[in-house]
Amino acid sequence: DSGVTQTPKHLITATGQRVTLRCSPRSGDLSVYWYQQSLDQGLQFLIQYYNGEERAKGNILERFSAQQFPDLHSELNLSSLELGDSALYFCASSGHVMGPDTQYFGPGTRLTVL
Amino acid sequence: AQKITQTQPGMFVQEKEAVTLDCTYDTSDQSYGLFWYKQPSSGEMIFLIYQGSYDEQNATEGRYSLNFQKARKSANLVISASQLGDSAMYFCAMREEDSGGGADGLTFGKGTHLIIQP
């Protein structure tokens, strides 16, 4: 158990809908990262938050957004969903924003868009 | 160009043998980190081992060791005395410094599917 929690574990929804994925980092970790894993694109970094502020952006679509709250949990919002958004979404956390700090991954949320 | 290259899509290995999973990387940064993660069929991503670009010694964690050859830009994972439970996808990843001196998200390779046979 990495100490990172994600809910829900599975999510099935329809095209055009909006969903919210939730992540709680390991106790004491200030950085949260979101990743998408799909068969087409592999594992891709989406976005990073550090202590409530956006820190780095990867290949995140404009239809996607995230935030980190004062209690350090984070939410990833996916809107106007398309079939191609079906994927496993991971949250990871680490203790620092600087340097190659180890990221510990949550169990993931499997999103299926029908 | 791919930043992380894993050239072995799949490998079959006999139980108790040692395994080497290949990883080469491409970066112009001086400071970076290299990671290996294991993803069993259940889907979770499990951190195995880390090597910093300035580390002079190869990293080791139990049965895992990282064969770091900086000049060749390779960071191969070695698993000694393989076990049936080692069957999984293995991903090599890199974290580089960004332009602001901080560090970005991980860049992953496509992975190697390792199957340990009894």
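The rules behind these values
Residues numbered from 1 in each chain as written. Chains lettered and ligands numbered in written order. Predicted model: local features only at pLDDT ≥ 70, side-chain atom pairs only at ≥ 80, totals over all residues. Heavy atoms only, no water. Disulfide = S-S within 2.5 Å. Helix = DSSP H or I, 4+ residues; strand = E, 2+ residues; numbered from the N terminus. Buried < 20%, exposed > 50% of the residue type's maximum accessible area, 1.4 Å probe, protein only. Pairing = 2+ DSSP bridges.

> Got a minute to help me understand the state of the cysteines in this structure?
In a disulfide, the sulfur atoms of two cysteines are covalently bonded to one another. Going through the model one piece at a time under the given rule, you end up with 2 disulfides over all chains. In this model, Cys23 of chain A is linked to Cys91 of chain A through a disulfide, with the two sulfur atoms separated by 1.8 Å. Taking the torsion about the sulfur-sulfur bond, which here is approximately -45 degrees, the covalent link between Cys23 of chain A and Cys91 of chain A counts as left-handed. Of the two residues, Cys23 of chain A sits in strand 3 (residues 19-24) while Cys91 of chain A sits in strand 9 (residues 87-94), which places them 68 residues apart along the sequence. With respect to burial, Cys23 of chain A and Cys91 of chain A carry one shared label: buried. Each sulfur in the disulfide pair Cys23 of chain B and Cys92 of chain B lies 2.0 Å from the other. Here the disulfide of Cys23 of chain B and Cys92 of chain B is left-handed, its torsion about the S-S bond being about -60 degrees. On the criterion of sequence distance, the pair formed by Cys23 of chain B in the loop between strand 3 (19-21) and strand 4 (24-25) and Cys92 of chain B in strand 10 (residues 88-96) is long-range, its members being 69 residues apart. By relative accessible area, which is 0% here, Cys92 of chain B ends up buried.

> Just to check I follow, could you spell out the pairing of strand 6 (residues 46-52) of chain B for this structure?
Residue and element names in this part refer to chain B. By the bridge criterion, 6 bridges tie strand 5 (residues 32-39) to strand 6 in an arrangement that is antiparallel. Residue pairing for strand 6: Phe35 is matched across the bridge by Tyr50. Between the end of strand 5 and the start of strand 6, which pair antiparallel, lie 6 residues, with Gly43 showing a positive phi angle near 105 degrees.

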